[in-house]
Amino acid sequence: MANYSANRSLDMDLLAVGSPQEVIEKVAKHLDCSPTSREVAEYFDQHDKLRHLRQEFLFPKVAELPPSDLSLVNGSEECIYFVGNSLGLQPKNVKKYIDEELEKWAKTGAHGHTMESRPWAWAENNLEDLMAKLVGAKAEEVALMNGLTVNLHLLMLAFYQPTAKRHKILLEDKAFPSDHYAVESQIRLRGFDPSTSMLLLKPREGEDTLRTEDIISTIEREGHSIAVVMLSGVQYYTGQLFNMEAITKAGQAQGCYVGFDCAHAVGNAELRLHDWGVDFACWCTYKYVNSGAGGLAGAFVHEKHTDTVKPALLGWWGHKLSTRFQMTNEMDLQPGVNGYRLSNQPVLLVCPLQASLEIFNQTSMKDLRKKSILLTGYLEYLIKHYYSRDESEPHKPYVHIITPSNPAERGCQLSLSFSLPIQAVFKELEKRGVVCDMREPNVLRVAPVPLYNSFTDVHRFITVLESVLAAAWLNSAIH
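Residues numbered from 1 in each chain as written. Predicted model: local features only at pLDDT ≥ 70, side-chain atom pairs only at ≥ 80, totals over all residues. Heavy atoms only, no water.

*Asks:* Explain the overall build of the protein chain to me, and be specific about the residues and the numbers.
*Replies:* A count of helical and extended segments in the protein chain gives 16 helices and 15 strands. Once the C-alpha set of the protein chain is aligned to its principal axes, its extents read approximately 75 × 60 × 55 Å. Buried residues in the protein chain amount to 55% of all 479 residues. When contacts within the protein chain are restricted to residue pairs at least 6 apart in sequence, those whose partners lie at least 24 apart make up 69%. With 48 positive and 58 negative side-chain charges, the protein chain shows a spacing of 2 Å between the two charge centroids. (Helix = DSSP H or I, 4+ residues; strand = E, 2+ residues; numbered from the N terminus. Buried < 20%, exposed > 50% of the residue type's maximum accessible area, 1.4 Å probe, protein only. Contact = heavy atoms within 4.5 Å. Lys, Arg positive; Asp, Glu negative; His and termini not counted. Charge placed at Lys NZ, Arg CZ, Asp CG, Glu CD.)

So this is what it looks like as structure tokens:
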């Protein structure tokens, strides 16, 4: 028993030290096998202390996916689900919680507004402690409400106060369309022209992602004219994780407010919105936080703005609960982000979010991030091993990873471009029970999520990719 414990301790140490490549190669040496062997993936899964969390989710079977071709793949297997960056899997408790509320409604009617553990009038408030942990905030700095773009508009109306000299908003050139449209419309609403008031950040020529030093130098150069720095936490297309702390510090040093769309960051990266001093942020919860399509979104306003930045639009739910039902029509505004609430939230959207946040509460973002770095690093290692461009074989299909290779500059997503037509690759993956997503013009986003994906999932994906590229190459050669 003593020898077994000593060996196990040695094994666990292997997983805790070094870059993903170093860890993979150490484990392969320990197992006396190739670093690309499935044995390495199985070993990582056996020693993954978060592996039990996978059992909290419902995985579609390959046969249940409409595009699957059962002549190519075993329909009874769980699919390879690598699209948590777009829509997370369903937690098993979602149906139970929704059924509880439907039953309450059926049996108690309006009494459900104030009854039991999920009273409809303030059910989302009971989750804000859990949500605050994911974003590194105090509970009173977080509100669960609306959808992401609604929250972005509410926050921008409060924080974007342009003047003749300071009227610009800084954002990525390829920001998510909804962010771009929101910023554009906010500028127009204030009587300014987006062509002169939208300052767009572009990568250097020949590069796929933005350099932190270029973002900061732009802020330092243009800061006197920038009212708001409004960036993503993680860029949706490239998967780049921005240095939010450094950007916040640089923006505020120039007198700018700094806000982030954390849609692709929450539940994916370790966030410390409060400690970094971020002014405001918003996010959806249906990606890495698994609340279902169109799920309840979140908003953050730093406590330093509690008495200085007020919401521009008001609603009944922004009124303090203690006096709300006195119906005086004299606003008694809740402090901070709570004052931005407009109306009560749909309890049927609270239920799936609760189910997911309870799973997150079984672990920590620190531990999830630790696994994620290795999990995505393992995917990157295998892609580079098998599918790097080889000048000696010009006709061999290859994969280019546009996401930064530095784990500190990415979440779990890798954005892949291919030497073959992207639509053909995507179609062949779908036929084989792989769920990822394609984004124009030329990227597949592949996201192994540490909460429920395994290292064996990654190895299966790489194995499937061989037949996918062969089929896509043949198809392109024929046409």
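That covers the picture; the talk isn't over yet.
*Asks:* Any details on the pattern of salt bridges? Residues and values, ideally.
*Replies:* Going through the model one piece at a time under the given rule, you end up with 29 salt bridges. K104 is paired through a salt bridge with E101; the nearest N and O atoms lie 3.0 Å apart. Of this pair, K104 and E101 both sit in helix α4 (residues 94–108), three residues apart, roughly one helical turn. For K104, a relative accessible area of 5% gives the class buried. Here the salt bridges do not stand alone but share partners, grouping E100, E101, K104 and R118 into one network. (Salt bridge = Lys/Arg side-chain N within 4 Å of Asp/Glu carboxyl O.)

*Asks:* Quick one: what's the story with helix α13 (residues 347–360), residue by residue and with numbers?
*Replies:* Its 14 residues give α13 an end-to-end C-alpha distance of 20 Å, which sits within 8% of 20 Å, the value for a rise of 1.5 Å per residue. Of all the positions in α13, only V347, V350, C351, P352, L353, Q354, A355, S356, L357, I359 and F360 are classed as buried. Against the buried residues of α13 lie β1 (57–58), β3 (90–91), α4, α5 (128–135), β4 (142–144) and α14 (365–387). (Expected span 1.5 Å × (residues − 1).)

*Asks:* Requested: an account of the state of the cysteines, with residues and values cited.
*Replies:* Counted according to the given criterion, the structure contains zero disulfides. Among the cysteines around C256, which has no disulfide bond, C282 carries the closest sulfur, lying 18 Å off. A relative accessible area of 4% means that C256 is categorised as buried. (Disulfide = S-S within 2.5 Å.)

*Asks:* Just give me the short version of the packing of aromatic side chains, but keep the residues and values in it.
*Replies:* The final tally for this structure, using the stated rule, is 15 aromatic pairs. Relative to Y378, the ring of F44 has its centre 5.9 Å away and its plane inclined at 80 degrees; by these criteria the two rings are edge-to-face. Highlighted residues: F44 in helix α3 (residues 38–46) and Y378 in helix α14, separated in sequence by 334 residues. The exposure class assigned to F44 is buried, which follows from its relative accessible area of 1%. Classification of Y378 by relative accessible area gives buried; the value is 0%. (Phe/Tyr/Trp six-rings, centres within 6.5 Å; stacked < 30°, edge-to-face > 60°.)

*Asks:* I'd like a description of the environment of T328, backed by residues and values.
*Replies:* Topologically, T328 is positioned in the loop between α12 (321–324) and α13. Since its relative accessible area comes to 42%, T328 is described here as partly exposed. Of the polar contacts made by the side chain of T328, one reaches the backbone nitrogen of E330; its length is 3.2 Å. (Polar contact = N/O pair within 3.5 Å; in protein donor to acceptor, adjacent residues only side chain to side chain.)

*Asks:* Any chance you could break down a nonpolar patch on the surface for me, citing the residues and the numbers?
*Replies:* A cluster of nonpolar side chains, namely W316, L321, F325 and M327, defines an oily patch on the protein surface of about 440 Å² accessible area. Residue placement: F325 occurs in the loop between α12 and α13. For F325, a relative accessible area of 53% gives the class exposed. (Patch = residues over 30% accessible without salt bridge, like charges linked within 9 Å, V, L, I, M, F, W, Y side chains within 5 Å. Areas by Shrake-Rupley, 256 points an atom, 1.4 Å probe, with all protein chains shown as cover.)

*Asks:* Report on the packing of α4 against α13, specifying residues and quantitative values.
*Replies:* It is the contact of α4 with α13, at a shortest axis distance of 8 Å, that shows an interaxial angle of 145 degrees. Pair α4 / α13 crosses with right-handed handedness. Side by side, α4 and α13 meet where V94, Y97, I98, E101 and L102 of the first sit next to V347, L348, C351, P352, Q354, A355 and E358 of the second. A breakdown of the residues in the contact of α4 with α13 according to their chemical character gives nine nonpolar, one polar and two charged. (Axes fitted to C-alpha atoms, helices over the stretch in contact; angles between N-to-C directions. Left-handed = near helix turned anticlockwise from the far one by under 90°. Nonpolar A, V, L, I, M, F, W, Y, C, P; charged D, E, K, R; others polar.)

*Asks:* Kindly report on the packing of helix α2 (residues 20–31) against α14, identifying the contributing residues and their values.
*Replies:* The geometry of α2 relative to α14 is characterised by a closest axis approach of 9 Å and an angle of 80 degrees between their N-to-C directions. Viewed along their axes, α2 and α14 adopt a mutual orientation that is roughly perpendicular. Between α2 and α14, the residues in contact are P20, Q21, V23, I24 and E25 and I373, L374, G377, Y378 and Y381, respectively. (Parallel < 35°, antiparallel > 145°, perpendicular 65-115°, else oblique.)

*Asks:* Now, about the side chain of E128: what can you tell me, with residues and values included?
*Replies:* Note that E128 resides in helix α5. Of note is the side chain of E128, whose polar atom sits 3.0 Å from the backbone nitrogen of L144. Not counting residues up to four positions away in its chain, the partners in contact with E128 are A139, V142, A143, L144 and R341.

*Asks:* Tell me what's going on with the confidence of the model for the protein chain, and back it up with residues and numbers.
*Replies:* Residue-level pLDDT values for the protein chain average 95, and 96% of them are 70 or greater. Long-range and interchain partners of residues 1–10, a stretch whose pLDDT sits below 50, account for one contact in this model, where long-range means more than four residues apart. (pLDDT = per-residue confidence, 0-100.)

*Asks:* For the pairing of strand β5 (residues 168–172), give the residues involved together with the corresponding values.
*Replies:* Regular strands show a simple pattern: their side chains alternate between the two faces of the sheet. Across the five residues of β5, five count as buried, placing the element largely inside the fold. In this sheet, strand β7 (residues 226–232) lies alongside β5 in parallel orientation, the contact comprising three bridges. Counted as the bridge partner of I169 is V228 from β7. In this structure, β5 lies alongside strand β6 (residues 198–201), joined through four bridges in parallel fashion. Of the residues in β6, the one forming a bridge with L170 is L199. (Pairing = 2+ DSSP bridges.)

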